[in-house]
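Chain and residue survey
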Amino acid sequence: MKVDLNELLDNVNSKETFFEFLDALKRDKEDEDAKENENPSSPYSSGVNGWENGSIAAFLDAMHAFGQDSDKIRLDWRSFALLLYAGKFYE
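Residues numbered from 1 in each chain as written. Predicted model: local features only at pLDDT ≥ 70, side-chain atom pairs only at ≥ 80, totals over all residues. Heavy atoms only, no water.

**Points about the overall build of the protein**
Which entries qualify depends on this criterion: For helices the rule is a DSSP run of H or I covering at least 4 residues; for strands it is a run of E covering at least 2, with both sets numbered from the N terminus onward. Only protein chains enter the calculation, and the probe is 1.4 Å; a residue is then buried if its accessible area is under 20% of its type maximum, exposed if over 50%, and partly exposed in between. Two residues form a contact once any of their heavy atoms are found within 4.5 Å. Accessible surface area values rest on a Shrake-Rupley calculation with a 1.4 Å probe, where residue burial reflects the displayed protein chains alone.
A tally of regular secondary structure across the protein gives four helices and zero strands. Its helices and strands taken in sequence order, the protein reads α-α-α-α from the N to the C terminus. If you line up the protein on its principal axes, its C-alpha atoms span 40 × 30 × 30 Å. When burial is assessed residue by residue, the protein has 14% of its 91 residues classed as buried. A separation of at least 24 residues holds for 20% of the contacts in the protein among residues at least 6 apart in sequence. Split by element, the accessible area of the protein, about 7,800 Å² in all, is 55% carbon and sulfur.

See below:
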């Protein structure tokens, strides 16, 4: 059963629901990668699950741009920065 990422996003209200969303997002990307390996989409469109940013650099660039452009972002900035930084080295 495919998880509705928008619904999970709308329900993020705690550390637990944030990490449920993050896990579902990761699984969605893994699913798209597997599907794209079997039947690649056009390089000029998003992938089968809607991912447009396939590399970590493109993903971080899109996060940066959205964060700069959006007035919907409210969080503990230090904790979120730590999560992103830990993605570089934590096993």
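**Focus: the packing of aromatic side chains**
Applicable threshold: Each Phe, Tyr or Trp ring, with Trp reduced to its six-membered ring, pairs with another whose centre is within 6.5 Å; inter-plane angles below 30 degrees give stacked pairs, above 60 give edge-to-face pairs, and intermediate values give tilted ones.
Tallied over the full model, the rule gives three aromatic pairs. Taking 6.0 Å as the distance between ring centres and 25° as the angle between the ring planes, the aromatic pair formed by Trp-51 and Phe-59 counts as stacked. By relative accessible area, Trp-51 is classed as buried at 15%. Measuring from centroid to centroid gives 5.3 Å for Tyr-85 and Phe-89, while their planes differ by 70°, and the two rings are edge-to-face. Linking Tyr-85 with Phe-89, this pair stays in helix 4 (residues 77–89), spanning four residues, or about one helical turn. Among the residues examined, Phe-89 registers a relative accessible area of 48% and is labelled partly exposed.

**Observations regarding helix 2 (residues 15–38)**
For an α-helix, the turn length of 3.6 residues means that residues three or four places apart are oriented alike. Our working rule: Between the first and last residue of a helix there are one fewer steps than residues, each counted as 1.5 Å, and that sum is the expected span.
In this model helix 2 runs 35 Å from its N-terminal to its C-terminal C-alpha over 24 residues, within 8% of the 34 Å that 1.5 Å per residue would give. Taken as a whole, helix 2 has its buried residues at Thr-17, Phe-21, Ala-24, Leu-25, Asp-28, Lys-29, Glu-32 and Glu-36. At its buried positions, helix 2 is contacted by helix 1 (5–10).

**A look at the nonpolar core**
A general tendency of soluble globular proteins is for nonpolar side chains to be buried together. The following threshold applies: To qualify as a nonpolar core, a set must consist of buried Ala, Val, Leu, Ile, Met, Phe, Trp, Tyr and Cys residues joined through side-chain atoms within 4.5 Å.
Within the largest apolar cluster, five residues are counted, these being Leu-5, Phe-21, Ala-24, Leu-25 and Trp-51. Ranked by residues supplied to this core, first place goes to helix 2 with three residues. Ignoring sequence-local partners within four residues, the contact set of Phe-21 consists of Leu-5, Leu-8, Leu-9 and Val-12.

**Some words on the side chain of Thr-17**
Along the chain, the position of Thr-17 falls in helix 2. With sequence-adjacent residues up to four places away left out, Thr-17 is seen in contact with Asn-11 and Val-12.

**Some thoughts on helix 3 (residues 56–69)**
Here helix 3 spans 20 Å end to end across 14 residues, near enough to the 20 Å set by a 1.5 Å rise per residue. Little of helix 3 sits inside the fold, with zero of its 14 residues counted as buried.

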